[in-house]
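For reference, the chains in residue letters:
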Amino acid sequence: MRDEIIAAIPNLRAFAISLSGSVDRADDLVQETLLRAFANIASFRPGTNLPAWLFTILRNLFRSEYRKRRREVPDSDGAFAATLTSNPDQTTHLDFEDFRAALEKLPPDQREALVLVGASGFSYEEAADICQCAVGTIKSRVNRARKRLGELLAIEDGEDFGPDRTTRAALAAERA
């Protein structure tokens with residue numbers, strides 16, 4: 001049986017090269033095929049076609065690895081992985097709680113106008129119809145609500161949205 005396995009190696013290698021298109025990958029496939037064959041030699045039935053059994057192992061191994069590799073992204077230098085950073089979730093939850101508390105401090109008419117226009121996506125005209133008031137009144141309420149929220153949340157400019165400066169610096173350093 002040992003001689004028959006050794007005799008099948010050149011044909012296994014040729015088959016592996018045809019499947020993988022790479023001599024190095026083919027050698028790895030043949031080696032893994034032989035390891036699996038020796039590990040499962042008890043499942044081989046003497047008198048059956050040993051080379052066919054080895055070719056089946058090789059083909060199944062190639063297909064399994066192909067399915068795994070198909071989901072992988074080539075990233076030998078780590079550039080793609082570096083883009084997959086995410087902001088920590090702790091601050092997001094705290095920011096949301098701060099926002100909810102600040103929203104509750106707004107007068108009801110301003111909060112209502114802001115939620116209709118800002119969160120629900122209604123136009124100023126639609127919000128005015130819902131609140132049964134003039135469009136200018138809704139615009140004024142939304143403007144005052146946004147200004148007051150900015151004051152309550154200590155938001156001075158667009159840099160204050162998203163992660164804080166320390167977190168942004170840490171994420172930038174990690175990517176570099």
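See above for the structure.
Everything quoted here is computed from the prediction, not taken from an experiment.

The rules behind each value
- Residues numbered from 1 in each chain as written.
- Predicted model: local features only at pLDDT ≥ 70, side-chain atom pairs only at ≥ 80, totals over all residues.
- Heavy atoms only, no water.
- Helix = DSSP H or I, 4+ residues; strand = E, 2+ residues; numbered from the N terminus.
- Buried < 20%, exposed > 50% of the residue type's maximum accessible area, 1.4 Å probe, protein only.
- Contact = heavy atoms within 4.5 Å.
- Areas by Shrake-Rupley, 256 points an atom, 1.4 Å probe, with all protein chains shown as cover.
- Salt bridge = Lys/Arg side-chain N within 4 Å of Asp/Glu carboxyl O.
- Phe/Tyr/Trp six-rings, centres within 6.5 Å; stacked < 30°, edge-to-face > 60°.
- Axes fitted to C-alpha atoms, helices over the stretch in contact; angles between N-to-C directions.
- Left-handed = near helix turned anticlockwise from the far one by under 90°.
- Nonpolar A, V, L, I, M, F, W, Y, C, P; charged D, E, K, R; others polar.
- Arc of directions from axis to C-beta.
- Core = buried A, V, L, I, M, F, W, Y, C linked by side-chain atoms within 4.5 Å.

(A) The arrangement of the overall build of the protein in detail. In terms of regular secondary structure, the protein is built from 9 helices and 0 strands. Scanning the protein from its N terminus toward the C terminus, one meets helices and strands in the order α-α-α-α-α-α-α-α-α. Taken over 176 residues, the protein has a buried fraction of 22%. A separation threshold of at least 6 residues defines the contact pool for the protein, and within that pool the share at least 24 residues apart is 54%. Total accessible area computed for the protein in this model is approximately 12,300 Å², and 53% of it derives from carbon and sulfur atoms.

(B) Inspection of the pattern of salt bridges at higher detail. In total, this model carries 6 salt bridges according to the counting rule given. Arg25 is paired through a salt bridge with Glu65; the nearest N and O atoms lie 1.6 Å apart. Taken together, the residues Arg25 in helix α2 (residues 23-39) and Glu65 in helix α3 (residues 50-70) connect sequence positions 40 residues apart.

(C) Representation of the packing of aromatic side chains. A full pass over the atoms with the stated rule returns 3 aromatic pairs. When the centroid spacing of 6.3 Å and the interplanar angle of 25 degrees are considered together, the rings of Phe62 and Tyr66 count as stacked. Of this pair, Phe62 and Tyr66 both sit in helix α3, 4 residues apart, which is roughly one turn of that helix.

(D) Highlighting the packing of helix α1 (residues 2-20) against α3. Put simply, α1 and α3 touch, their axes get as near as 10 Å, and they point 35 degrees apart. For α1 against α3, the interelement crossing comes out right-handed. Contacts from Glu4, Ile5, Ala8, Asn11, Leu12, Phe15, Ala16, Leu19 and Ser20 of α1 reach α3 at Leu50, Pro51, Leu54, Phe55, Leu58, Arg59 and Phe62. Class assignment for the residues of the contact of α1 with α3 results in 12 nonpolar, 2 polar and 2 charged.

(E) Spotlight on the side chain of Arg141. Looking at the secondary structure, you find Arg141 in helix α8 (residues 135-152). Of the residues examined, Arg141 reaches a relative accessible area of 17% and is grouped as buried. Apart from residues no more than four positions distant in its own chain, Arg141 is found in contact with Asp109, Gln110, Ala113, Cys131 and Cys133.

(F) Layout of helix α7 (residues 124-131). Listed as buried for α7 are Ala127, Ala128 and Cys131. Taken around the axis of α7, the buried residues stretch over an arc of 105 degrees, which confines them to a single face. Positive phi appears at Gln132, one or two residues downstream of α7, with a value of about 55 degrees.

(G) Highlighting the nonpolar core. Core analysis: the biggest nonpolar cluster contains 17 residues, and Leu12, Ala16, Val30, Leu50, Trp53 and Leu54 have the highest contact counts within it. Those elements giving two or more residues to this core turn out to be α1, α2 and α3. Here this core takes 7 residues from α3, the largest share from any one element. Beyond its immediate stretch of four places on either side in the chain, Leu12 contacts Val30, Leu34, Leu54, Phe55 and Leu58.

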